[in-house]
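A look at the structure
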There are 2 protein chains.
Amino acid sequence: MKFICSKANLLHGVNIVSKAVPSKTTMSILECILIDASANEIKLTANDMELGIETKIEGEILEKGIIALDAKIFSEIVRKLPDNDVVIETDSNLKTTITCEKAKFNISGKSGEDFTYLPYIERTDFVTISQFTLKEMIRQTIFSIADNENNKLMTGELFEIKGNQLKVVSLDGHRISIRRIELKDTYEDKKVVVPGKTLQEVSKILSGEAEDEIRLFFTENHVVFEFDSTLVVSRLIEGEYFRIEQMLSSDYETKVKINKREFLNCIDRATLLVKEGDKKPIIIHIEDGNMELTINSQLGSMDENIDIEKEGKDILIGFNPKFLIDALRVIDEEEVSVYLVNPKAPCFIKDDNETYIYLILPVNFNAVNR
Amino acid sequence: MKFICSKANLLHGVNIVSKAVPSKTTMSILECILIDASANEIKLTANDMELGIETKIEGEILEKGIIALDAKIFSEIVRKLPDNDVVIETDSNLKTTITCEKAKFNISGKSGEDFTYLPYIERTDFVTISQFTLKEMIRQTIFSIADNENNKLMTGELFEIKGNQLKVVSLDGHRISIRRIELKDTYEDKKVVVPGKTLQEVSKILSGEAEDEIRLFFTENHVVFEFDSTLVVSRLIEGEYFRIEQMLSSDYETKVKINKREFLNCIDRATLLVKEGDKKPIIIHIEDGNMELTINSQLGSMDENIDIEKEGKDILIGFNPKFLIDALRVIDEEEVSVYLVNPKAPCFIKDDNETYIYLILPVNFNAVNR
């Protein structure tokens, strides 16, 4: 195999597929990036068996062929090459030479035949959205997936399509995050659970530009993301997702309008009195026109007041401050509305059209100790 | 005690003195910042017994007093306060209230009387240099101090003043770094060894502006850095520094002029084939007009050529690539001169006036294996 391409193109491709190289694996071939120049295009592929990424790079093939190269070494070499054309050449012993200007690297490759290719997915009907929108929806929900594997479904996100609506949901047992957008077209109903890791990696590769589009294909067991010159194939998580509708009551006893930045900064300040692993709640006391936030820990105490607009009853309620911070950080509005029922019922942060809903369970606290 | 000052001033002061708060100590009072508003100024002090820093901040004292506050909590609180005036007030039980806008923190302090003050140093004759120059000289030499304590003197840097010359030297047994500048005035001869940690911390606090000056006072056992509103007091390392003159021969068999950036980038590329802890040398082959650099490791091999100007004999010599990189990184010139004698003798990278000299010992290598 021999081909020539620009360092910039090569690096871009390597960075994309590297996201699917497993950090730990017993199969050393999976630690490789496959370079396939056996047809009329140069394709890079990486695959950790759950998630696979394939991308095409521009270049000129001088001799067709295929090779698998250790992803770590190869990407470090490419990163440090001068900004110029790169020639990659392999011999019959899989010895690979990477030449750029006067620099010449030799590394040994592995046979491409040992590599596990991505599963072949028939790509017929698809959903189109902008890369910006998908990247935003992931960012705005990914923080509330569960990070342990006790309940596999909680480690993924629900993607539900109904007509021209796309809804993305994540939950971890303490909170639920929901984002909803309108699609340009109307589609057949779909309901799948995409692994959180897949979404995190896809989100890193997406350009994030509103004009750039991405196509999503759903099959029985897989989801495919197609964009630019890249194809991401991921397994879906099997099973039926949680029924969240019954938790989403729209009744409330107290409604608060508050400046998001003030609210967030105040909770952020309060958390510095909470040591890692400590579960000190922030206590929120809502009265007419005023929200008082207090926190008490071995390190000290904090007390702050924020002006609010209030409808309904006064309430005293406690929360894990991290959960409030996570939700407030991904809301772009300057002012948010918080809906509360009682100190034991979940609170909702949502907008009027319910394009976002963040449900957070309160924390029990000892009112005497506050 | 009660005083008021701006958040910006307070944060600036806290950031400065925090550099002298020990990360590990058995004396919990040393984990504190002392706030002394007992006279007509607000002074912050931290002291790890080797290094002490004191800085004055502007503010209005409403009630004189003194308190020691846990450095970590206090600095985190200050960092997260809104950008406005801060009031700090203590009561007779050492309870401290920090108020800013509507945020109010309570933490418990310690008695200022338990705090170990900085040693009193009579400050008479001093050396003046610009903050920029001192910061640069530290950066350009600090990397070659030894980081283990087997030889205490190697963990510091020699500061030697002779007439109007200041020379700074560091060495770790494999290499020597020397920087020399001309001072504006002529001073009495001095020769002291300043702890590397002190220099690293001082360098972080220095503005780095050429117009800002710093005054250095040397006593039998201490060095004092005085600049802006800050005083840094550090113990010196006792003992006589190494005699390096005999190692600084100016004879050479080969002289090479080379573009610094090309040389540095090439070695940097080569190191990616060297795993942490592995001691693979980079082999340099110097011939008329050409330098060939090669490296061989289990990961692969690299080979690169760079155009040079050469005087004298051809030579084949091996180096620890890190040592070359460290020296080349802190040289600002576009072109550097390298002086070599034979494959077992140190090489020198220096300029014609010897404002800098970097001596690096070569590494033995098996010529057959290259």
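Residues numbered from 1 in each chain as written. Chains lettered and ligands numbered in written order. Predicted model: local features only at pLDDT ≥ 70, side-chain atom pairs only at ≥ 80, totals over all residues. Heavy atoms only, no water.

Another point: helix H5 (residues 260-271) of chain B. Residues and elements named next belong to chain B. Helix length check: H5 (12 residues) gives 17 Å between terminal C-alpha atoms against 16 Å at 1.5 Å per residue, within 8%. The set of residues buried in H5 consists of Lys-260, Phe-263, Leu-264, Cys-266, Ile-267, Arg-269 and Ala-270. Its side-chain oxygen at 3.0 Å from the backbone nitrogen of Arg-261, Asn-259 defines the N-terminal cap of H5. (Helix = DSSP H or I, 4+ residues; strand = E, 2+ residues; numbered from the N terminus. Expected span 1.5 Å × (residues − 1). Buried < 20%, exposed > 50% of the residue type's maximum accessible area, 1.4 Å probe, protein only. Polar contact = N/O pair within 3.5 Å; in protein donor to acceptor, adjacent residues only side chain to side chain.)

Judged by pairing direction, the sheet is antiparallel, and its 9 strands sit side by side in the order E5(A)-E1(A)-E7(A)-E8(A)-E9(A)-E19(B)-E18(B)-E17(B)-E21(B) without closing on themselves. Strands at the two margins of the open sheet, each flanked by one partner only, are strand E5 (60-63) of chain A together with strand E21 (315-319) of chain B. Neighbour-to-neighbour, the strand axes of this sheet turn through a mean angle of 15 degrees, independent of strand direction. In terms of strand pairing, strand E17 (residues 282-287) of chain B meets E21(B) through 5 bridges, oriented antiparallel. Of the residues in E21(B), the one forming a bridge with Ile282(B) is Phe319(B). Where helix H6 (residues 321-329) of chain B meets the sheet, its contacts fall on E17, strand E18 (290-297) and E21 of chain B, and the angle it forms with E17(B) comes to roughly 70 degrees. (Pairing = 2+ DSSP bridges. Axes fitted to C-alpha atoms, helices over the stretch in contact; angles between N-to-C directions. Contact = heavy atoms within 4.5 Å.)

The next thing to look at is the packing of aromatic side chains. All names here are of chain B. Going through the model one piece at a time under the given rule, you end up with 12 aromatic pairs over all chains. With 5.0 Å between their ring centres and 70 degrees between their planes, Tyr-252 and Tyr-339 make a pair best called edge-to-face. Note that Tyr-252 is positioned in the loop between strand E15 (230-235) and strand E16 (254-259) and Tyr-339 in strand E22 (residues 335-340), a separation of 87 residues in sequence. Owing to a relative accessible area of 35%, Tyr-252 belongs among the partly exposed residues under this scheme. (Phe/Tyr/Trp six-rings, centres within 6.5 Å; stacked < 30°, edge-to-face > 60°.)

Attention now goes to a negative patch on the surface. Where like charges cluster on the molecular surface, the negative patch consists of Glu309(A), Glu311(A), Glu334(A) and Glu335(A). By the element assignment, Glu335(A) lies in strand E22 (residues 335-340). (Patch = residues over 30% accessible without salt bridge, like charges linked within 9 Å, V, L, I, M, F, W, Y side chains within 5 Å. Areas by Shrake-Rupley, 256 points an atom, 1.4 Å probe, with all protein chains shown as cover. Salt bridge = Lys/Arg side-chain N within 4 Å of Asp/Glu carboxyl O. Lys, Arg positive; Asp, Glu negative; His and termini not counted. Charge placed at Lys NZ, Arg CZ, Asp CG, Glu CD.)

With that settled, the discussion passes to the side chain of Arg179(B). All names here are of chain B. Relative to the elements of secondary structure, Arg-179 occurs in strand E12 (residues 175-195). It is Asp-332 that comes nearest to the buried, bridge-free Arg-179 among opposite-charge side chains, at 5.7 Å. Within the structure, the side chain of Arg-179 is placed 3.4 Å from the side chain of Gln-140, a separation counted as a polar contact. A distance of 2.9 Å separates the side chain of Arg-179 from the side chain of Tyr-358, its partner in a polar contact. Residues within four places of Arg-179 in sequence aside, it is in contact with Met-137, Gln-140, Thr-141, Leu-166, Lys-167, Val-168, Val-330, Ile-331, Thr-355, Tyr-356 and Tyr-358.

This brings us to the state of the cysteines. For the structure on display, the rule yields 0 disulfides over all chains. With no disulfide partner, Cys32(A) has as its closest neighbouring cysteine sulfur the one in Cys5(A), 18 Å distant. (Disulfide = S-S within 2.5 Å.)

As a further point, take the pattern of salt bridges. Pairs can form between side chains of opposite charge once their charged atoms are near each other. Evaluated as defined, the whole model comprises 49 salt bridges over all chains. As a salt-bridge pair, Lys322(A) and Asp326(A) come within 2.7 Å of each other at their nearest N and O atoms. Here the residue Lys322(A) and the residue Asp326(A) both occupy positions in helix H6 (residues 321-329), the gap between them amounting to 4 residues, near one helical turn. On the basis of relative accessibility, which here comes to 45%, the residue Lys322(A) falls in the partly exposed class. Arg175(B) is paired through a salt bridge with Asp326(B); the nearest N and O atoms lie 2.8 Å apart. Linking Arg175(B) in strand E12 with Asp326(B) in helix H6, this pair joins segments that are 151 residues apart in sequence. For Asp326(B), a relative accessible area of 12% gives the class buried.

A separate point is the relation of the copies chain B and chain A. With an RMSD of 0.0 Å, the fit of chain B onto chain A corresponds to turning through 180 degrees and sliding 0.0 Å along the axis. Expressed as a symmetry operation, the mapping of one chain copy onto the other fits a two-fold axis. Of every C-alpha in chain B, the one belonging to Glu276(B) sits nearest the axis of rotation, 16 Å from it. A symmetric contact is evident, with 100% of the interface residues of chain B recurring at the interface of chain A. (Least-squares fit on C-alpha atoms with pLDDT ≥ 70 in both.)

In this section: unusual backbone geometry. Although it is not a glycine, Glu354(A) adopts a positive phi angle of roughly 55 degrees. For Glu354(A), the location among the structural elements is in the loop between strand E23 (347-350) and strand E24 (356-360). Within the chain, Glu101(B) stands out as a residue other than glycine whose phi angle is a positive 50 degrees. Position of Glu101(B) among the secondary structure elements: in the loop between strand E8 (95-100) and strand E9 (103-108). For Glu101(B), a relative accessible area of 51% gives the class exposed.

Right, let's talk about the UniProt feature "domain: DNA polymerase III beta sliding clamp central" (unreviewed entry) in chain A for a bit. The UniProt record marks residues 129-241 of chain A with the feature "domain: DNA polymerase III beta sliding clamp central" (unreviewed entry), using the residue numbering of this structure. What you have in residues 129-241 of chain A is 17% helix and 50% strand, and the ends, taken at the C-alpha atoms, are 23 Å apart. (UniProt positions renumbered as here; feature names shortened; annotations may be inferred.)

All right, on to the interface of chain B and chain A then. In this assembly, 25 residues from chain B lie in contact with 25 residues from chain A. Both faces combined, the contact of chain B with chain A buries some 2,300 Å², and carbon together with sulfur accounts for 55% of it. By the criterion of area lost to chain A, the three top residues of chain B are Lys80(B), Lys102(B) and Leu272(B), representing 28% of everything that side buries. In this structure, Asp268(A) and Lys80(B) form a salt bridge, with 3.2 Å as the shortest nitrogen-oxygen distance. Across the chain B-chain A interface, the total number found is 12 residue pairs in polar contact (both at pLDDT 80 or more). When contributions to the side of chain B that touches chain A are tallied by element, the ones reaching two or more residues are helix H2 (71-80), E9, H5 and strand E19 (300-307) of chain B. Sorting elements by how many residues they give to the side of chain B that touches chain A places E19(B) first, with 7 residues. Partitioned by chemical class, the residues of the side of chain B that touches chain A number 11 nonpolar, 5 polar and 9 charged. (Buried area = accessible area lost by both parts, 1.4 Å probe. Nonpolar A, V, L, I, M, F, W, Y, C, P; charged D, E, K, R; others polar.)

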